[in-house]
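Coordinate analysis (summary)
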Amino acid sequence: MRHRATAPNRRDALAALAGAVLLPWAGPAAAEVRHERHFLFGSPVDVMLRQAPQSPAEPALARVMRGLQHIHVQWNAWKPGELGRINQALREGRSVTASPALRAMIRSAAQLEQASAGFFNPAIGGAVQAWGFHDDVMRDGARPAAATLAAWRDAAPSLAQIEWRGDALASRNARLQLDFGAYAKGVAIDRALDEFAARGQGDALVNLGGNLGAMGAPGWQIGIRDPFGEGLVASLATQGREAVVTSGSYERFRVLDGERCTHILDPFRAAPAAGLVSVTVLHRSAALADAAATALLVAGPQRWRAVAQRLGATQVLAIGPDGRGVASAALMPRLQFAGRDWQRRITAV
Ligand code: AMP
Ligand code: MG
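Basis of the calculations
Residues numbered from 1 in each chain as written. Chains lettered and ligands numbered in written order. Predicted model: local features only at pLDDT ≥ 70, side-chain atom pairs only at ≥ 80, totals over all residues. Heavy atoms only, no water. Near = heavy atom within 4 Å. Polar contact = N/O pair within 3.5 Å; in protein donor to acceptor, adjacent residues only side chain to side chain. Areas by Shrake-Rupley, 256 points an atom, 1.4 Å probe, with all protein chains shown as cover. Helix = DSSP H or I, 4+ residues; strand = E, 2+ residues; numbered from the N terminus. Nonpolar A, V, L, I, M, F, W, Y, C, P; charged D, E, K, R; others polar. Donors = N, O, S within 2.8 Å, 3.2 Å for Na, K, Ca; no water. Buried < 20%, exposed > 50% of the residue type's maximum accessible area, 1.4 Å probe, protein only. pLDDT = per-residue confidence, 0-100. Contact = heavy atoms within 4.5 Å. Pairing = 2+ DSSP bridges. Axes fitted to C-alpha atoms, helices over the stretch in contact; angles between N-to-C directions.

Some remarks on the site of ligand 1
- The full set close to ligand 1 counts 17 residues, and Asp179, Ser247, His263, Leu265 and Thr294 are the nearest of them.
- The contact in question runs from a nitrogen atom of ligand 1 to an N or O atom on the backbone of Asn121, over 2.9 Å.
- In the environment of ligand 1, an oxygen atom lies 3.4 Å from a nitrogen or oxygen atom belonging to the backbone of Gly181.
- Considered on its own, ligand 1 offers 510 Å² of accessible surface; in the complex 93% of this is hidden by protein.
- Here the shell around ligand 1 gets 3 residues from one element, more than from any other, and that element is helix 7 (residues 286-311).
- The class makeup of the residues in the shell around ligand 1 is 10 nonpolar, 5 polar and 2 charged.

Quick word on the coordination of the magnesium ion (ligand 2)
- The magnesium ion (ligand 2) binds to the protein through Ala182 (O), Asp290 (O), Asp290 (OD) and Thr294 (OG1), with metal-donor distances spanning 2.0 to 2.4 Å.
- Of note, the donors binding the magnesium ion (ligand 2) are all from one chain and are spaced A-x107-D-x3-T. Highlighted residues: Ala182 in the loop between strand 6 (168-171) and helix 6 (184-198) and Thr294 in helix 7, separated in sequence by 112 residues.
- Here Thr294 falls in the buried class, since its relative accessible area comes to 10%.

Overview of the confidence of the model for the chain
- Per-residue confidence for the chain gives a mean pLDDT of 91; residues scoring 70 or more make up 93%.
- Contacts from residues 1-17, a stretch scored under 50 in pLDDT, to residues over four places away or in other chains number 41 contacts.

Section: the sheet that holds strand 1 (residues 20-22)
- Across the sheet, 4 strands lie side by side as 1-9-10-19; this open sheet has antiparallel pairing. A single partner strand is all that each edge strand has here, and the edge strands are strand 1 and strand 19 (336-337).
- As judged from the 2 bridges shared by strand 10 (residues 232-237) and strand 19, these two strands associate in the antiparallel manner. Paired with Ala234 across the strands is Phe337, a residue of strand 19.

Notes on the sheet that holds strand 8 (residues 211-215)
- As summarised here, the arrangement of the 9 strands in space is 2-3-7-8-11-16-17-18-20, forming an open sheet in which the pairing is mixed. Of all strands in the sheet, those with a lone pairing partner are strand 2 (33-40) and strand 20 (346-348), marking the two edges. For this sheet, the mean inter-axis angle between neighbouring strands, taken without regard to orientation, is 10°.
- Sheet topology places strand 17 (residues 315-319) next to strand 18 (residues 325-327); 3 bridges connect them, and they run antiparallel. From the neighbouring strand, Leu317 faces strand 18, where its bridge partner is Ala327.

Thoughts on helix 2 (residues 82-91)
- Of all the 10 residues making up helix 2, 7 are buried; the element is thus mostly covered by neighbouring parts of the structure.
- Close packing links the buried residues of helix 2 with helix 1 (57-74), strand 4 (96-97), helix 3 (100-115) and strand 6.
- A positive backbone phi angle near 70° is found at Gly93, which sits one or two residues after helix 2.

Below, the structure written as structure tokens:
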């Protein structure tokens, strides 16, 4: 069966659930599970702990939630917060100080931008805004003016154009606007798991709108969502500490001049990425998995393998608009397909 090339219209808050889901554990009886659900980053956030009896869960949970809340406010390019202030300074050509955590994120993102050959580019804020993806609500309308996009492309913003002086950053490129929408959730997952581990809670799962990070034995059972419908493509059990991050062109989009435009942009064209509908990356680092999933979706069917290799992303599932996909040789043996149909349509590379 061939799948429809179009996904259902899910531009409400639930659209952000795309990616992965947590499945009930079918193995040995689970220890007592503490589960908290909040609403952050425009999507549900779940934190689960299989409690270590010797360490109380409450302080660890409270601290992790405070950390996520902080990131939600301060690292959003389009809300009043630290990143918003930094973007304003960059637009005005001023130098601006940044907190240690934000400096660390900008620096690690700059390395990943280079490693991804520029397909992952968090200096893309100006293009995101031109296409209207900075808004919470995805309205239909017209494409941005060609001249606006050409001006952005000519300026070619990159994190490599950031100059550091102590705790302060500046750039000579006034079109450089930071947007960590493709990366901050991954960083947040890593930080949450680090916090749990440091507090003796080594058996935890953090789900930020379908991007999951987990650790502990006997692993957590994860489902990878079908990009075309409500079901699953496959499930797998996490092994040790591991993150499962998905970028989907169907998650957020606008219909502009009658054409569906995804929120994930190709920085070289200043235009929506085309060629793949979903890329899932498994990696020990959720930050790397997040950057890589975005980069590979943009790189597309011909180039993603080379970019994955540069990034050190060995466990990848990439699905195209025809409903066919490929899984890397390292990931394929771990996938339990949700049905014969998906089993036939996903091949190993
Ligand atoms: P993700 O779902 O992780 O792929 O992130 C998508 C979000 O990252 C978009 O909503 C934009 O805010 C931003 N973004 C879009 N294109 C890129 C890109 N090529 N590199 C980095 N960030 C991007
Ligand atoms: Mg990403």
